[in-house]
Amino acid sequence: KRARCAIGIDLGGDLRIEGVICDLGCGIIAGDSIAYENNIDSITATVSQLVERLRRAAPGNVPSGIGIAVSAVVDGANEIIGSSTLDLSKKNLARKIEALTGLPVRLDRRPNAAALAEALFGAGHNCRQLLYITSGRGVGAGIVNDGKIFRGSNGFAGEIGHLLLPDGRELEESARPSVLPKEYSTLTGREISFEEFSEHIQETTGLDTSSSQFEG
């Protein structure tokens, strides 16, 4: 497992870019994060700096490449073709990071990366098909079929986007952890915290709803 390693970068719409260096068994050797500004130059420089920090934190470990999970749509040519939150569309991010680090770079949507991780190492490792749904600023999904990410013809597979419910609200707003207990209280007349709501769901469905997993 320690013969080679890989660097993983999480590039979302948050205030910091996070990264880890992992062995081939997905064991984390070191991790770090750096604040950035939402423009292509800052993002490129920050990712490069983060990669260098991770390499220094794990001396003797030879990285095979960099995987970047990004809040964006990625096409088959490893190019970002659309992002509603980041200044990355058609900016050649992968090539710029490769030039700065000397390592091959692979981009993918965050839901795709999460779905593949679950399929290979997590809750879906015994499943031939897996659907991983996320809810944040929009609703997205990663689809795994026979161990491979299904991307569709243009990379948009799983981009659910903003869905309207019958009462006119948006699904991503209604599915937030802060909203779910309120909906439960409205239906039952019983005030309940998010933790109590999670325990109730687990008791009635048998699903694992620990806060970190449920909020993700």
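Regarding the sheet that holds strand β8 (residues 129-135)
- Pairing is antiparallel in the open sheet, where three strands are placed in the order β8-β9-β10. Here the strands that pair on one side only, and so sit at the sheet edges, are β8 and β10 (148-149).
- Relative to β10, strand β9 (residues 139-145) runs antiparallel, the two sharing two bridges. Opposite Val 144, over in β10, you have Ile 149 as the bridge partner.
- Strand contacts of helix α3 (residues 110-121): β8, β9 and β10, with the helix running at about 40° to β9, the strand carrying the most contacts.

Brief notes about the layout of surface pockets
- Roughly 1,000 Å³ of internal volume is contained in the second largest pocket.
- Among the elements that make up the lining of the second largest pocket, the one with the highest residue count is α3 (eight residues).
- Among the residues forming the lining of the second largest pocket, the class breakdown is 19 nonpolar, five polar and seven charged.

What to know about helix α6 (residues 194-205)
- Counted at 1.5 Å a residue, the expected span for α6 with its 12 residues is 16 Å, and the 16 Å between its end C-alpha atoms agrees.
- Listing the buried residues of α6 in full gives Phe 194, Phe 197, Ser 198 and Ile 201. Angular distribution of buried residues about the axis of α6 spans 100°; they occupy a single face of the element.

A short note on the packing of helix α1 (residues 40-57) against helix α2 (residues 93-101)
- Direction vectors running N to C along α1 and α2 enclose 45°, while the axes themselves pass 10 Å from each other. Here α1 is positioned oblique relative to α2, judged by the angle of their axes. As α1 packs across α2, the resulting crossing turns out to be right-handed. The residues of α2 that touch α1, namely those facing Ile 40, Ile 43, Thr 44, Val 47, Ser 48, Val 51 and Arg 55, are Leu 93, Lys 96, Ile 97, Leu 100 and Thr 101.
- Looking at the contact of α1 with α2 residue by residue, the class counts come to seven nonpolar, three polar and two charged.

Focus: the pairing of β9
- In terms of residue burial, β9 counts as a mostly covered element, since five of its seven residues are buried.
- In this structure, the hairpin formed by β9 and β10 is closed by a connection of two residues, where Asp 146 is found at a positive phi of approximately 55°.

What about the pattern of salt bridges?
- Applying the stated rule across the entire model yields six salt bridges.
- Between Asp 32 and Arg 53 there is a salt bridge whose closest N-O contact spans 3.3 Å. With Asp 32 in strand β3 (residues 28-35) and Arg 53 in helix α1, this residue pair connects regions lying 21 residues apart in the sequence.
- With relative accessibility at 29%, the residue Asp 32 sits in the partly exposed group.

Let's talk about the sheet that holds strand β2 (residues 16-23)
- On the basis of which strands lie adjacent, the open sheet formed by five strands has the order β3-β2-β1-β4-β7 and mixed pairing. Single-partner strands in this sheet number two, and they are β3 and β7 (105-109). In this sheet, neighbouring strand axes are inclined to one another by 20° on average, regardless of whether the strands run parallel or antiparallel.
- Bridging between strand β1 (residues 5-11) and β2 involves six bridges; their strand directions are antiparallel. Across the sheet, the residue bridging to Cys 5 is Asp 23, located in β2.
- Relative to the sheet, α1 contacts β1, β2, β3 and β4 (63-70), its axis offset from that of β3 by approximately 150°.
- Packing against the sheet, α3 makes contact with β1, β4 and β7, and its axis sits at approximately 100° to β7.

A few points about the pairing of β4
- Counted residue by residue, β4 has six buried out of eight residues, so it is predominantly covered.
- Here β1 runs beside β4; their pairing, made up of six bridges, is parallel. In the sheet register, Ile 9 faces β4, and the bridge partner there is Ile 68.
- Note: β4 against β7, five bridges, orientation parallel. Considered in β7, the bridge of Ala 69 is made with Asp 108.

Criteria and thresholds
Residues numbered from 1 in each chain as written. Predicted model: local features only at pLDDT ≥ 70, side-chain atom pairs only at ≥ 80, totals over all residues. Heavy atoms only, no water. Pairing = 2+ DSSP bridges. Helix = DSSP H or I, 4+ residues; strand = E, 2+ residues; numbered from the N terminus. Contact = heavy atoms within 4.5 Å. Axes fitted to C-alpha atoms, helices over the stretch in contact; angles between N-to-C directions. 1 Å grid on protein atoms, 1.4 Å probe; cavity = no way out; pocket = protein on both sides within 12 Å on 5 of 7 lines; lining within 4 Å. Points joined across faces, edges and corners; volume = space filled by probe spheres on them. Nonpolar A, V, L, I, M, F, W, Y, C, P; charged D, E, K, R; others polar. Expected span 1.5 Å × (residues − 1). Buried < 20%, exposed > 50% of the residue type's maximum accessible area, 1.4 Å probe, protein only. Arc of directions from axis to C-beta. Parallel < 35°, antiparallel > 145°, perpendicular 65-115°, else oblique. Left-handed = near helix turned anticlockwise from the far one by under 90°. Salt bridge = Lys/Arg side-chain N within 4 Å of Asp/Glu carboxyl O.

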